[in-house]
Amino acid sequence: MAEVIVVPGGRGQLGSDLAAASPEVRALSSAELDVTDPAAVAEAVVAADAVINCAAYTAVDAAETDEDRAFQVNAVGPGLLAAACAERGVPFVHVSTDYVFAGDANRPYEPTDPTGPKTAYGRTKLAGEERVLAAGGWVVRTAWVYGATGNNFVKTMARLESERDTVSVVDDQRGSPTWSADLAAGLLQLLEIRPAQRLLHATGGGDTTWFGFTRAIFEELGADPARVLPCTTADFPRPAPRPAYSVLSGKAWADAGLTPLPAWRDALARFARLHLR
């Protein structure tokens, strides 16, 4: 394992779990490291034995009218980090997203499947992937991430459970919920193994819809899952279209000798015991 793992964007849910998982992690907030500043990036990499980039512009809807800023954080920043790491021979891991795909598949996406982002967020993340791969870094795509730090879907649904008699949740978008603590462990293992495959997928095992996910959250809270009502994406129009299908195949991850992330339902139960009850 590396002696110092620098984590840009290290105060978010994934970065916080990386820091909790390893004393070698040096988590840096966006205020502490602006990944779009070449000089700051170069200085940060000098102190690193490895880098895991969690910095990202993740406001999917806002990116539709702020694509330039999203591009700076999601493409230029990762490119600068990857190039600086390559120059010094420092292993670099970059976290990406299911949004690089069109979201219209009917089987889990493999890393080698054609991309086709339909949002500004997805386009900027894909541009970041291309720069990282060109510099010899690893790209790990994930999806539906939740954790103990910050705001996320699980926390929102837990709050709504206490505020509303019923909650309507879309049942026509499918993906794999991923606990950031499980993903953090996988990324640290990747740094240990350093597989030849540079583009990989890592999500919780299995898949469900947002409706099914919410029913499971209610179950973990001891609430009646029948209070969760299904609806369609059309019932909640958003500026950025959401992928209908976001399931990512973990085959390449396992083939690379990496431990598959736990099943999403089991992960939610473990998360709930620690953070929801």
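Data block above holds the structure.
These notes cover the structure that comes with them.

### Notes on the packing of helix α5 (residues 153–163) against helix α7 (residues 210–220)
Axis separation between α5 and α7 bottoms out at 10 Å; the angle between their running directions is 60°. The angle between α5 and α7 falls in the class oblique. Crossing hand, α5 versus α7: right-handed. Two secondary-structure elements touch here, α5 through Phe153, Val154, Met157, Ala158 and Glu161 and α7 through Trp210, Phe213, Thr214, Ile217 and Phe218. Looking at the contact of α5 with α7 residue by residue, the classes come out as eight nonpolar, one polar and one charged.

### So, the nonpolar core
If you look at the biggest cluster of nonpolar residues, it comprises 33 residues, and the most contacted ones within it are Tyr146, Val154, Phe213 and Leu268. Among the elements of the structure, α5, β7 (167–170), α7, β12 (228–231) and α9 (264–275) are those that each provide at least two residues to this core. Counting residues in each nonpolar core, the second largest holds 26 residues, with Val93, Val95, Ala252 and Trp253 among its members.

### A closer look at the layout of surface pockets
The gaps of empty space that remain are located by a probe, the size of a water molecule, rolled over the atoms. Approximately 170 Å³ is the volume found for the second largest pocket. Forming the boundary of the second largest pocket are 16 residues, of which Thr203, Gly204, Gly205, Leu248 and Gly250 lie nearest the centre. Class assignment of the residues belonging to the lining of the second largest pocket gives a composition of seven nonpolar, eight polar and one charged.

### What about the sheet that holds strand β2 (residues 25–28)?
Pairing in this open sheet of six strands is parallel, and the strands run β2-β1-β3-β4-β5-β10 from one edge to the other. Both edges of this open sheet fall to β2 and β10 (199–201), since each of them pairs with a single strand only. Within this sheet the neighbouring strands show an average axis-to-axis angle of 20°, counted without direction. Strand contacts of helix α3 (residues 67–88): β1 (5–8), β3 (50–53) and β4 (92–97), with the helix running at about 160° to β4, the strand carrying the most contacts.

### Here we look at the side chain of Thr214
On the secondary structure map, Thr214 appears in helix α7. On the basis of relative accessibility, which here comes to 0%, the residue Thr214 falls in the buried class. Side-chain polar atoms of Thr214 contact the backbone oxygen of Trp210, separated by 2.7 Å. When near neighbours in sequence (up to four residues on either side) are disregarded, Thr214 contacts Phe153, Met157, Val169 and Val228.

Rules used throughout
- Residues numbered from 1 in each chain as written.
- Predicted model: local features only at pLDDT ≥ 70, side-chain atom pairs only at ≥ 80, totals over all residues.
- Heavy atoms only, no water.
- Axes fitted to C-alpha atoms, helices over the stretch in contact; angles between N-to-C directions.
- Helix = DSSP H or I, 4+ residues; strand = E, 2+ residues; numbered from the N terminus.
- Parallel < 35°, antiparallel > 145°, perpendicular 65-115°, else oblique.
- Left-handed = near helix turned anticlockwise from the far one by under 90°.
- Contact = heavy atoms within 4.5 Å.
- Nonpolar A, V, L, I, M, F, W, Y, C, P; charged D, E, K, R; others polar.
- Core = buried A, V, L, I, M, F, W, Y, C linked by side-chain atoms within 4.5 Å.
- Buried < 20%, exposed > 50% of the residue type's maximum accessible area, 1.4 Å probe, protein only.
- 1 Å grid on protein atoms, 1.4 Å probe; cavity = no way out; pocket = protein on both sides within 12 Å on 5 of 7 lines; lining within 4 Å.
- Points joined across faces, edges and corners; volume = space filled by probe spheres on them.
- Pairing = 2+ DSSP bridges.
- Polar contact = N/O pair within 3.5 Å; in protein donor to acceptor, adjacent residues only side chain to side chain.

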